[in-house]
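# Structural features, examined
One-letter residues, chain by chain:
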Amino acid sequence: MSVPPASPPSRTTAIATARGLVKTYGKGSTAVHALAGVDVDFARGQFTAIMGPSGSGKSTLMHCMAGLDTPTEGTVVVDDLTVSSMNQRQLTKLRRTQLGFIFQSFNLVPTLTALENITLPLDIARRPVDKAHLAAVVKAVGLSDRLSHRPSELSGGQQQRVACARALVSKPSVVFADEPTGNLDSVSSREVLTFLRSSVDELDQSVVMVTHDPVAASYAHRVLFLADGLIVAELAEPTPDTVLEVLGSLTRQKAAV
Amino acid sequence: MLKVALRNVRAHLVRLGLSILAVVLGVSFVAGTFALREMLSTTFDNIVDAGYVGDVYLRGAEDSSAMVQTGASAGAVRNTIPAELAEVVSEVDGVELALADFTGPITLVGADGTAVAGGGAPSFAVAYSELDPTATVSQGAAPTDSSEFALEVRSAEAAGLTIGDTTTLVVGGELHEATLTGLVDMGASMAGATIVFLDQATAAATYAPDGLVSTISVYGEDQVDDQALTDRVHAAVEAAGAGSTVEAVSGTDMREEARTDIETMLGFVETFLLIFAGISLFVGAFIISNTFAMTVRQRQREFALLRAVGASPLQVFSSILVQAAVVGALGGALGIAGGLGLVTAIKSMFGAMGMELAGDIPITTSMVVISLVLGIVVSIVSAAVPARRAALVPPVEAMREDSPAPAGSLRLRGIIGLVALGAGTGAVVAAVVQAASDDSASTGSLLGLGAVGVVVGALVLAPVLARPVLTVLAAPFTAWAKPLGKLAQGNVTRNPRRTASTASALMIGMCLVGAASVLAASTQASMRSVVENESLADLVIQSASGMVPAGAVSDISALPEVGVADAVALDSFYVSEPSSTDDPEMLYALGSTPSTFGRTWQTTTVDGDLASMSDGEIAVQERTATAQGWEVGDILTVSSQKGTVTAPVGAIFSSAALDTPLVMDDVSFDSLSAAAADQVTILLVKAADGVDLDELKSAVTAAAAPYVIVSVQDNDEFVSDLASQVDQMLTILYALLGLSIVIAILGIVNTLALSVIERTREIGLMRAVGLGRAQLATTIAIESVLTAVFGTVLGLAVGVALAAGLPTVFGNAGLTDLVIPWGSLVTMLVIAVVVGVLAAAWPAIRAARLPVLEAVTVD
């Protein structure tokens, strides 16, 4: 079981890497290149945001990194495991043990309580629950008094926080978050994003998040910008203003073409 | 709106496929029943037409006051008439020929050395006359004396005999060697009946030793009017002084009567089959209702859009009903085809068993119309509730994403269910209590009504019970298959209505199976205790034809190994009290030597003494005595055509095994019964001193062997023989209930498949967080098993509980012991688990194959 190193985060080793990543939908003249040869490294112990306009390939990149989608060409390596050459069984095991997921909506199994949802990946993998870690995660997301509630009894923000806790409880190598705040109001968004950032800063977690919200992206250590299937820009230590600036310049470039 | 509705049917044909299949199964059964009935009618009509070609028939006058009280024979009781009347009648102007019908039972030994029996059809002998237009020799020659016989063509085929073969006949209780001289064509398929032709003299001596026959067939000259001839024949009979006891009927009336009798009988068969068709349609309705409930929910936003652009609730409602009608019509049409296929299969199966059915497989307009209407009505009624719900959802609410399932309160349902269940239980308890306190009370119908109430109550309550019962049933899974058991439990309890209506198919089937198996086990146990209590004999000898041949009785009685052989004969007589003005009643009576009681048989004497039978006194069954108000010492007049006996009631007995109202001594019985020696139904044998049972049995078996149809059994075999008859009946019931299990599987497949579609997002999510394909499939299998076991447990509980009331209510009908066959019930549970796993296979594979990414990002 690979556990993220407890040593100070090394910004040089990548937790997830893609080389020459191509994803093509369709064939011949109708082919659409969602990814047109992406090389990227996601640093260990960092919070990385991926931004880009609709159709830029940001979700496809994340799905390929997470083994939910298979690339047409190129390799994906997550924590020294070559994801792009895995079969379904290996991918299932990978998702179960190495990855955490947070989706935009419908993150929870409605028939299970909040606590059961949080421990679901461990239960599925038949791994024992690390009580201390669970308590820490639950405390961090501030859900201690809501654990026996069903998803339908929780607010949208609370549901996303349960999803965050679920993604972190199995101590994955990487957490992939696909527009985790897309359906939330600004207060709830801030709670979720603050929690994701603190999981990186305090628990040495690595997080990759797709978003189209400059404010959300500003919580990350680094922002990658995609357009037409390629990484076109990168921003370290972003603020909402700098993110907007880059986005604006990208739009102008595109308009100029 | 119609266009929208029809496009939807086409788009979701696969999804609606199982609903259509459910309609197909139910309608197939209905259509098949009608077609089978039509075909049986044709077959028997042909037999009637071929068998009654006479212009006038003479028969005994109907005795309107005397009805058969017990027994299977339908219709009025008639006296026999003198055969000599045939000569009188043949003198009548316009009569070409009058033949007395010498006919009776016979046993024919086939080429394989066993008795010929065409799938349970009767076997009888007829006197051959070259003048008889119903039968012509098509091959060989007619029999001329007792050493020869002829066979109906198909009977010969079934027996495997050809002209010139010599075989054994059991005629009038005696073994008889005879040679097959000819084959006779009767012009129609005889539906498997074995028909043996004997020469006139032999047949007359055997079947009319006293010169009495049941009918005389009269054939008129050409162009003679039926009715005029009948009148003239009647006049001739009156002139001969027999007008009051003999009646003349025209051939047309005779054929009409025969047909009416057959139609009545076929009506019972039809009703029985239609009940099962009804059950399967009822169960199918749940599938349709479930399908529509789920598809309607999935299309909620589509309906909201339609409403938003101006469609009225009524339009939404009727667009769904149009789809239901299409499902019903498709299912109905395919069901008609299925029914005809079913009947074709039955026809060839009957043919293989030697019972040929005449006529093509009929397609009548009424059958087509009824089947289609039935399919459509069942579909529309089942879809109406979900359709109404869809139509009434406000557009704004339906537009909202992830709007929670409208979880209506189950309280009203709970109250209605409890009321029905309570009323039903009350009726059942009342029936049982009343029966327990008053033996003669007839509470069967109260019990039946109560049972219906309990079943309906249980059906209504099922969704209320679903959550707690399923939680208990799921306990082993949640404990051993973590977290899959918990997930499965969550899925089946999330919508209790749906789970309950899915399980209801099995519930109904298992309720009937549970009740039937308790009833069968109790009947068998009751028989066993009755026989063990009452039979003192070492061996019980019976005959497949019902009557032990007289020759066998004398042969066995004469064996040195046999100590005592008591022959018990059965006949029916008119019984009345001379002091009463009531009309005499036709009652069954047993005749035996008085010493039978206490020697080879014992029964409980309620009053008087069975020994009084040796003085010619009559023993009366307690039930009959109570019903008639007879007491020991009352004088009874017992009469038949042969004579009259007037004797006091000497004893009142209670026997569950001897199911006859009267028991008489052999002397009185012989003076009444026309052919007492031929009426032996059972021979009770005890070994001579110093002869052990094995020795006795082998000697008796050897003596009985030539008679082919005679069976020799010790008490254990006798009991298991009776028990196996019960099992046979149960087998038919199980076969029919197999249908409800098939529909139950369809229902579970349907619900699971649709709920997999409904839960695509959730399945995608669970797969994304690491749920393996096998784990997902297991979860669905557990859901399926839980649903099946829920239906089974509920059904068996209701069925067994209801059946437990039966022994008290029907105690006086011989059902004395209550036995709950735990083994069979466990088997049913195992079947439920298998059904669950089978039903899960396809939906589970479909779910496991869902691509994770598409599932998790689906709208």
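Residues numbered from 1 in each chain as written. Chains lettered and ligands numbered in written order. Predicted model: local features only at pLDDT ≥ 70, side-chain atom pairs only at ≥ 80, totals over all residues.

## Re the overall build of chain A
- Along its length, chain A carries eight helices and ten strands.
- Scaling as 2.2 N^0.38, a compact globule of 257 residues should have a C-alpha radius of gyration of about 18 Å, and chain A matches this with 18 Å.
- Of the contacts formed within chain A by residues at least 6 apart in sequence, a portion of 69% connects residues at least 24 apart. (Helix = DSSP H or I, 4+ residues; strand = E, 2+ residues; numbered from the N terminus. Rg over C-alpha atoms; globule rule 2.2 N^0.38 Å. Contact = placed C-beta atoms within 7 Å.)

## Some words on the overall build of chain B
- Across its full length, chain B carries 25 helices and 23 strands.
- In terms of overall dimensions, chain B has a C-alpha envelope of 95 × 70 × 55 Å along the principal axes.
- Evaluated residue by residue, chain B yields a buried proportion of 48% over its 859 residues. (Buried ≥ 20, exposed ≤ 12 C-beta atoms within 10 Å, placed from the backbone.)

## Side note on the interface of chain B and chain A
- Listed by partner, the interface residues are 21 residues for chain B and 21 residues for chain A.
- Looking at the side of chain B that touches chain A, the elements that each hand over two or more residues are α14 (484-494), α21 (760-768) and α25 (852-857) of chain B.
- By residue class, the composition of the side of chain B that touches chain A is eleven nonpolar, five polar and five charged. (Nonpolar A, V, L, I, M, F, W, Y, C, P; charged D, E, K, R; others polar.)

## Notes on the environment of Thr493 of chain B
All names here are of chain B.
- Structurally, Thr493 can be placed in helix α14.
- Expressed as a C-alpha distance, the spacing of Thr493 and Thr778, which sit 285 residues apart in the sequence, is 17 Å.
- Setting aside its immediate chain neighbours within four residues, Thr493 contacts Ala466, Arg467, Leu470 and Thr471.

## A word on helix α3 (residues 114-124) of chain A
All names here are of chain A.
- Counting buried positions over the eleven residues of α3 gives eight, a clear majority of the element.
- Turning to α3, its buried residues number three or more, namely Ala114, Glu116, Asn117, Ile118, Leu120, Pro121, Leu122 and Ile124.
- Arg126 sits one or two residues past α3 and shows a positive phi near 50°.

## Let's talk about the packing of helix α13 (residues 444-480) of chain B against helix α15 (residues 496-534) of chain B
Residue and element names in this part refer to chain B.
- Where α13 meets α15, the closest approach of the two axes is 9 Å, and the angle between their N-to-C directions is 140°. As summarised for this structure, α13 and α15 are arranged oblique, according to the angle between their axes. Viewed along their axes, α13 and α15 form a crossing whose handedness is right-handed. Here α13 contributes Val455, Leu459, Ala462, Pro463, Ala466 and Arg467 to the contact with α15, which in turn contributes Pro496, Arg497, Thr499, Ala500, Ala503, Ser504, Met507 and Cys511.
- Partitioned by chemical class, the residues of the contact of α13 with α15 number ten nonpolar, two polar and two charged. (Axes fitted to C-alpha atoms, helices over the stretch in contact; angles between N-to-C directions. Parallel < 35°, antiparallel > 145°, perpendicular 65-115°, else oblique. Left-handed = near helix turned anticlockwise from the far one by under 90°.)

## Brief notes about the sheet that holds strand β3 (residues 47-51) of chain A
Residue and element names in this part refer to chain A.
- Within the open sheet, the six strands sit side by side as β6-β7-β8-β3-β9-β10. Their pairing is mixed. The open sheet has two edge strands, β6 (99-102) and β10 (230-236), and neither has a second partner. Direction aside, the axes of adjacent strands within the sheet are offset by 20° on average.
- Pairing analysis gives six bridges linking strand β9 (residues 222-227) to β10, with the strands arranged antiparallel. Paired with Arg222 across the strands is Ala236, a residue of β10.
- Packing against the sheet, helix α5 (residues 156-169) makes contact with β6 and β7 (174-178), and its axis sits at approximately 170° to β6. (Pairing = 2+ DSSP bridges.)

## Regarding the confidence of the model for chain A
- Summary statistics for chain A give a mean pLDDT of 85 and a share of 94% for residues scoring 70 or more.
- When the criterion is pLDDT under 50, residues 1-11 of chain A qualifies, and its contacts beyond four places in sequence or with other chains add up to 17 contacts. (pLDDT = per-residue confidence, 0-100.)

## Observations regarding the pairing of strand β22 (residues 680-687) of chain B
Residue and element names in this part refer to chain B.
- Counted residue by residue, β22 has six buried out of eight residues, so it is predominantly covered.
- Strand direction decides the pairing type here: strand β14 (residues 539-543) and β22, joined by three bridges, are antiparallel. Paired with Ile541 across the strands is Leu683, a residue of β22.

## Regarding the sheet that holds strand β1 (residues 14-25) of chain A
Residue and element names in this part refer to chain A.
- With antiparallel pairing, four strands are arranged side by side in an open sheet as β2-β1-β4-β5. Only two strands of the sheet have a single neighbouring strand rather than two, namely β2 (32-43) and β5 (81-82).
- Where β1 lies against strand β4 (residues 73-78), five bridges are found, and the strand directions are antiparallel. Within β4, the residue paired with Ala18 across the bridge is Val76.
- Along the sheet face, helix α1 (residues 58-65) touches β1, β2 and β4 and points at about 120° away from the line of β1.

## Observations concerning unusual backbone geometry
Residues and elements named next belong to chain A.
- At Asp80, a residue that is not glycine, the phi angle is positive and equals roughly 70°.
- Examined against the element boundaries, Asp80 turns out to sit in the loop between β4 and β5.
- Despite not being glycine, Glu179 has its phi angle at roughly 50°, a positive value.
- Its location among the elements puts Glu179 in the loop between β7 and α6 (186-203).
- Since 20 C-beta atoms lie within 10 Å of it, Glu179 is described here as buried.

## Thoughts on the packing of α14 of chain B against helix α22 (residues 773-804) of chain B
Residue and element names in this part refer to chain B.
- Put simply, α14 and α22 touch, their axes get as near as 8 Å, and they point 50° apart. By the angle between their axes, α14 is oblique relative to α22. Read as a crossing pair, α14 and α22 show a hand that is right-handed. Within the contact between the two elements, α14 uses Leu484, Gly485, Leu487, Ala488, Asn491 and Val492 and α22 uses Gln775, Thr778, Thr779, Ile782, Glu783, Leu786 and Thr787.

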